[in-house]
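What follows is each chain in one-letter form.
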Amino acid sequence: PWTLIPLATDLAAHARFAETPARITRGAELAANTRQLLGHLGTMADSAVDYPVTGMAAHALAQWLLRREPDAEPEPAVRLLALADRFGYNRWFPAMAWEPVAALADEAAPGLLAAVLEEYGERKGRELRPEVERVLAALDAEDLTSSG
């Protein structure tokens, strides 16, 4: 978790504030690293998973996708954002604020965030862990189809 916290906050800050090509490129690298680390979730023992910190990574990746990849299918990003909420992600840092990213989700896919949160119901962390794997697989499939 101690490496995931700075990675997630760095990615969220780049998603929100990067303006130069170099900073945007760095943000894309951070997004790829975050996505790769989240991809290992399925192989980790449950006792090794810090759900609020994992939620920070999901939130940051969702924010990157919504802000920096606006032409991508929004559902995976919206689902990652909902999962971040259900994982009880830490909102310590301004770049991790819920409201601006929830607004982005509603712009990208009106009503979808509320529907996904309702779909997940009262389930939290451990119960939704397989859903992160499913969403990341959907992202990977989207990448494969968008590249030809």
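For the structure, see preceding data.
The structure reproduced in this document is the subject of the present report.

Analysis parameters
Residues numbered from 1 in each chain as written. Predicted model: local features only at pLDDT ≥ 70, side-chain atom pairs only at ≥ 80, totals over all residues. Heavy atoms only, no water. Core = buried A, V, L, I, M, F, W, Y, C linked by side-chain atoms within 4.5 Å. Buried < 20%, exposed > 50% of the residue type's maximum accessible area, 1.4 Å probe, protein only. Contact = heavy atoms within 4.5 Å. Axes fitted to C-alpha atoms, helices over the stretch in contact; angles between N-to-C directions. Helix = DSSP H or I, 4+ residues; strand = E, 2+ residues; numbered from the N terminus. Parallel < 35°, antiparallel > 145°, perpendicular 65-115°, else oblique. Left-handed = near helix turned anticlockwise from the far one by under 90°. Nonpolar A, V, L, I, M, F, W, Y, C, P; charged D, E, K, R; others polar. Phe/Tyr/Trp six-rings, centres within 6.5 Å; stacked < 30°, edge-to-face > 60°. 1 Å grid on protein atoms, 1.4 Å probe; cavity = no way out; pocket = protein on both sides within 12 Å on 5 of 7 lines; lining within 4 Å. Points joined across faces, edges and corners; volume = space filled by probe spheres on them. Expected span 1.5 Å × (residues − 1). Arc of directions from axis to C-beta.

**Description of the nonpolar core**
The biggest cluster of nonpolar side chains holds 48 residues, and the ones touching the most others in it are Leu-61, Leu-80 and Leu-113. In this view, Leu-80 contacts Ala-58, Leu-61, Ala-62, Leu-65, Val-135 and Leu-139; residues no more than four positions away in its chain are not counted.

**Some words on the packing of helix α2 (residues 21-39) against helix α3 (residues 51-68)**
A pair of packed helices is captured by two measures, namely the crossing angle of their axes and the spacing between those axes. At their nearest, the axes of α2 and α3 sit 10 Å apart, and the two run at 135 degrees to each other. Considering the angle they form, α2 stands oblique to α3. The handedness of the crossing between α2 and α3 is left-handed. Seen from α2, the contacting residues are Ile-24, Gly-27, Ala-28, Ala-31, Thr-34, Arg-35 and Leu-38; seen from α3, they are Thr-54, Ala-57, Ala-58, Leu-61, Trp-64 and Arg-68. Here the contact of α2 with α3 is built from residues that sort into eight nonpolar, three polar and two charged.

**Regarding the packing of aromatic side chains**
Across all of its chains, the model carries three aromatic pairs by this definition. Summarising the aromatic geometry, the rings of Tyr-89 and Trp-98 are spaced 6.5 Å apart at their centres and angled 35 degrees between planes, so their arrangement reads as tilted. For Tyr-89, a relative accessible area of 4% gives the class buried. The interplanar angle of 75 degrees and the centroid separation of 5.9 Å between the aromatic rings of Trp-92 and Phe-93 together place this pair among those described as edge-to-face. On the basis of relative accessibility, which here comes to 54%, the residue Trp-92 falls in the exposed class.

**Some points on the layout of surface pockets**
In this structure, the largest pocket spans a volume of roughly 200 Å³. As for the largest pocket, its lining consists of 13 residues, and the residues nearest its centre are Pro-1, Leu-4, Leu-37, Met-44 and Thr-54. Of all elements in the fold, only α2 and α3 reach the threshold of two or more residues within the lining of the largest pocket. In terms of residue class, the lining of the largest pocket is built from nine nonpolar, three polar and one charged.

**Digging into α2**
With 19 residues, α2 ought to run about 27 Å at 1.5 Å a step, and its terminal C-alpha atoms sit 27 Å apart, in line with that. Along α2, the residues classified as buried are Gly-27, Leu-30, Ala-31, Thr-34, Arg-35 and Leu-38. Looking straight down α2, one finds its buried side chains confined to an arc of 140 degrees; they lie on one side. More than 90 degrees from the buried face of α2, the exposed residues found are Pro-21, Ala-22 and Gln-36.

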